[in-house]
Amino acid sequence: MNEEPIAVTDAIFEKAVIGSKLPVLLDCWAPWCAPCRMIAPIVEDIARDYRNRLTVAKLNVDENPNTAGRLDIKSIPSLLLFKNGSIAGRIVGAVPRQEIERHIQTMLGT
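Quantities reported herein were computed from a predicted structural model and do not represent experimental measurements.

Rules used in this analysis
- Residues numbered from 1 in each chain as written.
- Predicted model: local features only at pLDDT ≥ 70, side-chain atom pairs only at ≥ 80, totals over all residues.
- Heavy atoms only, no water.
- Helix = DSSP H or I, 4+ residues; strand = E, 2+ residues; numbered from the N terminus.
- Buried < 20%, exposed > 50% of the residue type's maximum accessible area, 1.4 Å probe, protein only.
- Contact = heavy atoms within 4.5 Å.
- Expected span 1.5 Å × (residues − 1).
- Bend = angle between axes of the 7 residues up to and from the residue.
- Disulfide = S-S within 2.5 Å.

Caption draft 1: Seen up close, the environment of Pro31. Inspection of the secondary structure assignment puts Pro31 in the loop between strand E2 (24-29) and helix H2 (34-49). Look at Pro31 and you get partly exposed, because its relative accessible area is 43%. For the pair Pro31 and Asp62, spaced 31 residues apart in sequence, the C-alpha separation works out to 8.6 Å. Beyond its immediate sequence surroundings of up to four residues, Pro31 is in contact with Arg37, Asn60 and Asp62.

Caption draft 2: Seen up close, H2. For H2, which comprises 16 residues, the first-to-last C-alpha distance of 24 Å matches the rise-based estimate of 22 Å (1.5 Å per residue) to within 8%. Where H2 bends most, at Ala40, the angle is about 35 degrees, and the proline Pro41 comes one to four residues later. Among the residues making up H2, those that are buried are Cys36, Ile39, Ala40, Val43, Ile46 and Ala47. Where H2 is buried, its residues touch E2, strand E3 (55-60), strand E4 (78-83) and helix H4 (97-108).

Caption draft 3: Structural context of the environment of Arg102. Mapped onto the elements, Arg102 comes out in helix H4. With relative accessibility at 44%, the residue Arg102 sits in the partly exposed group. Sequence separation between Arg102 and Arg70 is 32 residues, and the spatial gap between their C-alpha atoms is 26 Å.

Caption draft 4: Examining the state of the cysteines more closely. Summed over the entire model, instances satisfying the criterion amount to one disulfide. The disulfide partner of Cys33 is Cys36, and the S-S distance across this bridge is 2.4 Å. Taking the sign of the S-S torsion, 80 degrees for the link of Cys33 and Cys36, the bridge is right-handed. With respect to class, Cys33 is no different from Cys36; both count as buried.

Take a look at the structure:
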């Protein structure tokens, strides 16, 4: 499985996120967003640490406005947790790794 976040676009969102066999952490971000850049290393670490249990994906909201709109992204960074193709949680803003992991562990049931 992926040790790095996968880039998700409007074209592959359905397959990569909704159709994922594993739960998904989707990082909705933009290159100009300083808080997004702040949490990027955390998201990358989570991708490595949770490989085989969680798919970590990144959606550039500027380049993929259809999916961002469909997901009702109003602020970035927004981290969405998907389980069985549905949103199971949402974290808005730059939060500490412990907060992100708390949400992941709840979703994974660990």
